[in-house]
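One letter stands for each residue in the lines below.
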Amino acid sequence: MSKKVAIIAANGGLFDAYKVFNIATAAAASEKEVQIFFTFEGLNLIHKQGMNHLEMPEGKEHFSEGFKKANVPSIPELVEMAQELGVKFIACQMTMDVMGLSKEDFIDGIEVGGAVTFLEYAKEASPTLTF
Amino acid sequence: MNITKTIDATGLSCPMPIVKTKKAMDTINSGEILEVLATDQGTLSDIPAWAKSGGHTILEQKTEKDVLYFYIQKA
């Protein structure tokens, strides 16, 4: 059984963030090694300012009530927990270049890498998930 | 049953009960028992699945007044 989980985060909305970080923290809490590769809009999820203002899909704003009721942790809280549990965050270099972003635009503790870095890791991972 | 530690994850939703359980489990020794309280119905399948992945044993599981109780013996 593989001890590695690989996740690609390619979308930047609030729902995307929950899908990514819930699975990542759950996996890390189950003694898995976890890496998340953030690419394109996914970079939003670890952007210092962006991560605090993630949007819900258009027309789904009424779910904000449900989030409160279910006592769901905030994204910054989940991110902190994920890092505490050892989840590794990798920001896609190419996307950063395209968007004019530097490592300082992101939360502390991330790494910057390319597709091959991720593929090398994902080679031995099971499952590999894409959000 | 000799409970070493209790954690209260009532009112919390996924993945928090699992994260709290894992953290508490890290602080006890092999063979010792952790009591987990939760209200998230997802834990009914999540905690057994989590225990299985770590080789831990669920000695008992019960529901009392909408609160779920799990007694997990560390592997």
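Just above, that's the structure.
If you're wondering where the values come from, they're calculated on a predicted model, not measured in any experiment.

Enquirer: Can you walk me through the overall build of chain A in this structure?
Expert: When helices and strands are counted, chain A shows five helices and five strands. By the compact-globule yardstick of 14 Å for 131 residues, chain A fits well, its C-alpha radius of gyration being 14 Å. For chain A, the proportion of its 131 residues judged to be buried stands at 34%. Looking at chain A alone, contacts between residues at least 24 apart form 76% of all its contacts between residues at least 6 apart.

Enquirer: I'm lost on the overall build of chain B in this one. Help?
Expert: Along the backbone of chain B there are two helices and four strands. In chain B, the succession of helices and strands from N to C terminus is β-α-β-α-β-β. Expressed along its principal axes, the backbone C-alpha trace of chain B runs to roughly 30 × 25 × 20 Å. Counting across all 75 residues of chain B, residues that qualify as buried make up 31%. When contacts within chain B are restricted to residue pairs at least 6 apart in sequence, those whose partners lie at least 24 apart make up 60%.

Enquirer: I tried to follow the interface of chain B and chain A on my own but got confused; where do I start?
Expert: Think of interface size as the accessible area that goes away when the parts come together; that is how it is often given. Taken together, the contact between chain B and chain A spans 12 residues of the former and 11 residues of the latter. Taken together, the residues that form the side of chain B that touches chain A break down as seven nonpolar, four polar and one charged.

Enquirer: Where do I start with the sheet that holds strand E2 (residues 33–38) of chain B in this structure?
Expert: Two strands in a sheet stick together by hydrogen bonds in their backbones, pointing the same way (parallel) or opposite ways (antiparallel). Residue and element names in this part refer to chain B. Across the sheet, four strands lie side by side as E1-E2-E4-E3; this open sheet has mixed pairing. At either margin of the open sheet sits one strand with a lone partner, and together these are strand E1 (3–9) and strand E3 (57–64). The sheet shows a mean angle of 15 degrees between the axes of neighbouring strands, direction not considered. Sheet topology places E3 next to strand E4 (residues 67–73); seven bridges connect them, and they run antiparallel. Within E4, the position partnered with Glu-60 by the bridge is Tyr-71. Contacting E1 and E2, helix H1 (residues 16–25) crosses the sheet at an angle of about 155 degrees to E1. Contacts from helix H2 (residues 43–54) reach E2, E3 and E4, with the element oriented near 5 degrees to E4.

Enquirer: Would you take a moment to explain the pairing of E2 of chain B for this structure?
Expert: In the case of a regular strand, side chains alternate between the two sheet surfaces. All names here are of chain B. Here E2 shows a clear split, with Leu-34, Val-36 and Ala-38 buried on one side and none of Ile-33, Glu-35 and Leu-37 buried on the other. As defined by bridge partners, E1 adjoins E2 across six bridges and the pair is classed as parallel. Following the sheet pairing, Asp-8 is matched in E2 by Leu-37. The handedness of the E1 to E2 crossover, carried by H1, is right-handed. In the sheet, E2 pairs with E4 via six bridges, with the strands oriented antiparallel. Across the sheet, the residue bridging to Glu-35 is Tyr-71, located in E4.

Enquirer: Sorry, what's going on with the sheet that holds strand E1 (residues 4–9) of chain A here?
Expert: All names here are of chain A. Pairing is parallel in the open sheet, where five strands are placed in the order E4-E3-E2-E1-E5. One side of each edge strand has no neighbouring strand; the edge strands of this open sheet are strand E4 (111–113) and strand E5 (128–130). Sheet twist, expressed as the mean angle between neighbouring strand axes with direction ignored, is 25 degrees. With four bridges joining them, strand E2 (residues 33–38) and strand E3 (residues 88–92) adopt parallel strand pairing. Residue pairing for E3: Ile-36 is matched across the bridge by Phe-89. Set on the sheet, helix H1 (residues 14–29) makes contact with E1, E2 and E5; between it and E1 the angle comes to about 170 degrees. Sheet strands in contact with helix H5 (residues 115–122) are E1, E2, E3, E4 and E5, and its direction is about 145 degrees off that of E1.

Conventions and cut-offs
- Residues numbered from 1 in each chain as written.
- Chains lettered and ligands numbered in written order.
- Predicted model: local features only at pLDDT ≥ 70, side-chain atom pairs only at ≥ 80, totals over all residues.
- Helix = DSSP H or I, 4+ residues; strand = E, 2+ residues; numbered from the N terminus.
- Rg over C-alpha atoms; globule rule 2.2 N^0.38 Å.
- Buried ≥ 20, exposed ≤ 12 C-beta atoms within 10 Å, placed from the backbone.
- Contact = placed C-beta atoms within 7 Å.
- Nonpolar A, V, L, I, M, F, W, Y, C, P; charged D, E, K, R; others polar.
- Pairing = 2+ DSSP bridges.
- Axes fitted to C-alpha atoms, helices over the stretch in contact; angles between N-to-C directions.
- Right-handed = clockwise from strand over helix to strand, strands pointing away.

No statement about biological role is implied by the geometric values presented.
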